[in-house]
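The chain contents come next:
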Amino acid sequence: MGREQELEFYWEIYKGASPHDLQIANKRYMVVNQFLRGESYSQIGISERTIRSWVQRYRDAEKRFYDGYVGLIPIKRKSGNRIKYKERNIIEQIIIIRIIIHIR
């Protein structure tokens, strides 16, 4: 990915973030900051695996975008139901038909 594409992706993450996403990123940043200042997992109260994941995302974004915070923003396209609405509607219709056939 070229530098221009990197910057475009960077801004897309920020533009696509809802206020709720930024609240999540803020909480994650506070945890990462605590950990990087030397607090232990048990002092922070979040699992070691979760903290390691957030720290890695922070450091990767720091290297890639010179801004670790952006790595802590939830990315919508990586979560949720990936079935498109039309496909979901077709699947629901098939299930209903199968139920009707089974009942008869």
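Here's what I pulled together on the structure shown here. (Residues numbered from 1 in each chain as written. Predicted model: local features only at pLDDT ≥ 70, side-chain atom pairs only at ≥ 80, totals over all residues. Heavy atoms only, no water.)

Focus: the packing of aromatic side chains
Think of a pair of aromatic rings as described by two things: how far the centres are apart, and how the planes are tilted against each other in angle. Tallied over the entire structure, the rule returns nine aromatic pairs. Measuring from centroid to centroid gives 5.4 Å for tyrosine 10 and phenylalanine 65, while their planes differ by 40°, and the two rings are tilted. Residue tyrosine 10 is found in helix H1 (residues 3-16), and its partner phenylalanine 65 is found in helix H4 (residues 48-65); the two are separated by 55 residues along the sequence. Residue tyrosine 10 shares its accessibility class with phenylalanine 65, and that shared class is buried. Members of the aromatic cluster, connected to one another through ring pairs, are Phe9, Tyr10, Trp11, Tyr14, Tyr29, Tyr58, Phe65 and Tyr69. (Phe/Tyr/Trp six-rings, centres within 6.5 Å; stacked < 30°, edge-to-face > 60°. Helix = DSSP H or I, 4+ residues; strand = E, 2+ residues; numbered from the N terminus. Buried < 20%, exposed > 50% of the residue type's maximum accessible area, 1.4 Å probe, protein only.)

A short note on the pattern of salt bridges
Taken as a whole and assessed by the stated rule, the structure comprises four salt bridges. The salt bridge partner of arginine 64 is glutamate 6, with a shortest N-O separation of 2.7 Å. With arginine 64 in helix H4 and glutamate 6 in helix H1, the pair connects residues that are 58 residues apart, well separated along the chain. The exposure class assigned to arginine 64 is partly exposed, which follows from its relative accessible area of 34%. Using a relative accessible area of 11% as the deciding quantity, one classes glutamate 6 as buried. For arginine 52, the salt bridge goes to glutamate 48, with nearest N and O atoms at 2.5 Å. On the criterion of helical spacing, the pair formed by arginine 52 and glutamate 48 is a turn pair, its members being four residues apart in helix H4. A relative accessible area of 36% means that glutamate 48 is categorised as partly exposed. (Salt bridge = Lys/Arg side-chain N within 4 Å of Asp/Glu carboxyl O.)

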